[in-house]
Amino acid sequence: MKIALMDSGIGLLAAAAAVRRLRPDADLVLSSDPGSMPWGPRTPEDVTQRALAVARAAAAHRPDALIVACNTASVHALPALRAELEPALPVIGTVPAIKPAAAGGGPFAIWATPATTGSPYQRGLINDFARSVDVTEVPCPGLADAVEHADEDAIDRAVAAAAALTPAGVTDVVLGCTHYELVAERIRAAVEAGRPGRASLVLHGSADAVAAQALRRVGAAPAPSAEPVGTLTVLLGGHAADLPERALVYAEGRLLKAVTPAI
């Protein structure tokens, strides 16, 4: 079994690690184009063309499924990706976990890129799944870039700025960009610092859900006890490469590197 994942940069690490934990025997293909990152400020047409290029590079390795591990690409490019690649290659998009956050009934915040915050797409999800819940949309300028470059000081500044915009009464936070999942515990610590004495904050990412959906689409069951024999292929701008050093700053990157020989 071979699962491909695509993103502009290393935001795909969270979903890739989730697939690895569910199926250590799966071969993984990680396709990205960090030279064109970030995709958020680009036009929908530009995002679509860049996403198609990254997806085609992954598809050339004949995976059984492709995870679009990027919220921006899922918003703008998913129809084009599916039109070109399906039904031969199942394409799984990434949707912010607004529905499960709303299920708790408490007030929650959605951390997202400035381009996504307040967008018709995000507002539509809120209207569909959280109409009766108090929702705060929190823009996080610079956070995805800081995570991409593993810039510790910039991450701290961006997280602190977003935490300051997050109401103290929220019970949950939706991580509306795949990059944010790589610093989830830093986000939790920053928000909880402003709400002492309250219950632990619940974070909602998308990585586990998209990994499980990819397995369902290929008809495979989780087998987390299997030997970690799956291989790893890394494509940067369509060319074979090693896993970037900055990826190893994050636990998800170290998991992939530790258990997977590069090919």
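Residues numbered from 1 in each chain as written. Predicted model: local features only at pLDDT ≥ 70, side-chain atom pairs only at ≥ 80, totals over all residues. Heavy atoms only, no water.

A. The sheet that holds strand β10 (residues 239-241), seen in detail. An order of β4-β3-β1-β2-β9-β10 is seen for the six strands of this open sheet, with the pairing classed as mixed. Here the strands that pair on one side only, and so sit at the sheet edges, are β4 (91-92) and β10. Bridging between strand β1 (residues 2-7) and strand β3 (residues 65-68) involves four bridges; their strand directions are parallel. What sits directly across from Leu 5, in β3, is Ile 67. (Pairing = 2+ DSSP bridges. Helix = DSSP H or I, 4+ residues; strand = E, 2+ residues; numbered from the N terminus.)

B. Summary view of empty space enclosed by the protein. If you walk through the whole model with that rule in mind, you get three cavities of 30 Å³ or more. Taken as a whole, the largest cavity holds about 60 Å³ of empty space. Contributing to the lining of the largest cavity are Gly 9, Ile 10, Leu 12, Leu 13, Leu 30, Ser 32, Val 234, Leu 236, Leu 243 and Pro 244. Classifying every residue of the lining of the largest cavity by side-chain character gives eight nonpolar, two polar and no charged. (1 Å grid on protein atoms, 1.4 Å probe; cavity = no way out; pocket = protein on both sides within 12 Å on 5 of 7 lines; lining within 4 Å. Points joined across faces, edges and corners; volume = space filled by probe spheres on them. Nonpolar A, V, L, I, M, F, W, Y, C, P; charged D, E, K, R; others polar.)

C. Summary view of the layout of surface pockets. What the largest pocket holds in volume is close to 320 Å³. In this structure, the largest pocket is lined by 16 residues; those nearest its centre are Glu 181, Ala 184, Gly 205, Asp 208 and Glu 252. The set of elements that each furnish at least two residues to the lining of the largest pocket consists of α1 (13-22), α8 (184-193), β8 (202-204) and α9 (207-217). Looking at which element gives the most residues to the lining of the largest pocket, the answer is α8, with three residues. Considered as a void within the structure, the second largest pocket measures approximately 280 Å³ in volume. Lining the second largest pocket are 24 residues, and of these Pro 38, Gly 40, Pro 41, Thr 113 and Ala 144 sit closest to its centre. In terms of residue class, the lining of the second largest pocket is built from twelve nonpolar, ten polar and two charged.

D. Spotlight on unusual backbone geometry. The peptide bond linking Glu 86 to Pro 87 adopts the cis configuration, its omega dihedral lying at 5 degrees. Checked against the element boundaries, Pro 87 lands in the loop between α3 (71-85) and β4. With phi around 50 degrees, Ala 150 is a residue other than glycine that occupies positive phi space.

E. A look at the nonpolar core. Of all hydrophobic cores here, the largest spans 54 residues; its most connected members are Leu 30 and Trp 111. One finds Ala 51, Ala 57, Ala 58 and Leu 85 within the second-largest nonpolar core, a separate group that totals 22 residues. (Core = buried A, V, L, I, M, F, W, Y, C linked by side-chain atoms within 4.5 Å. Buried < 20%, exposed > 50% of the residue type's maximum accessible area, 1.4 Å probe, protein only.)

F. Structural detail: the packing of α1 against α9. Direction vectors running N to C along α1 and α9 enclose 55 degrees, while the axes themselves pass 8 Å from each other. By the angle between their directions, the pair α1 and α9 is classed as oblique. Considering the relative orientation of α1 and α9, their crossing is right-handed. Of the residues in α9, those touching α1 at Ala 14, Ala 15, Ala 18, Val 19, Arg 21 and Leu 22 are Ala 207, Asp 208, Val 210, Ala 211, Ala 212 and Leu 215. (Axes fitted to C-alpha atoms, helices over the stretch in contact; angles between N-to-C directions. Parallel < 35°, antiparallel > 145°, perpendicular 65-115°, else oblique. Left-handed = near helix turned anticlockwise from the far one by under 90°. Contact = heavy atoms within 4.5 Å.)

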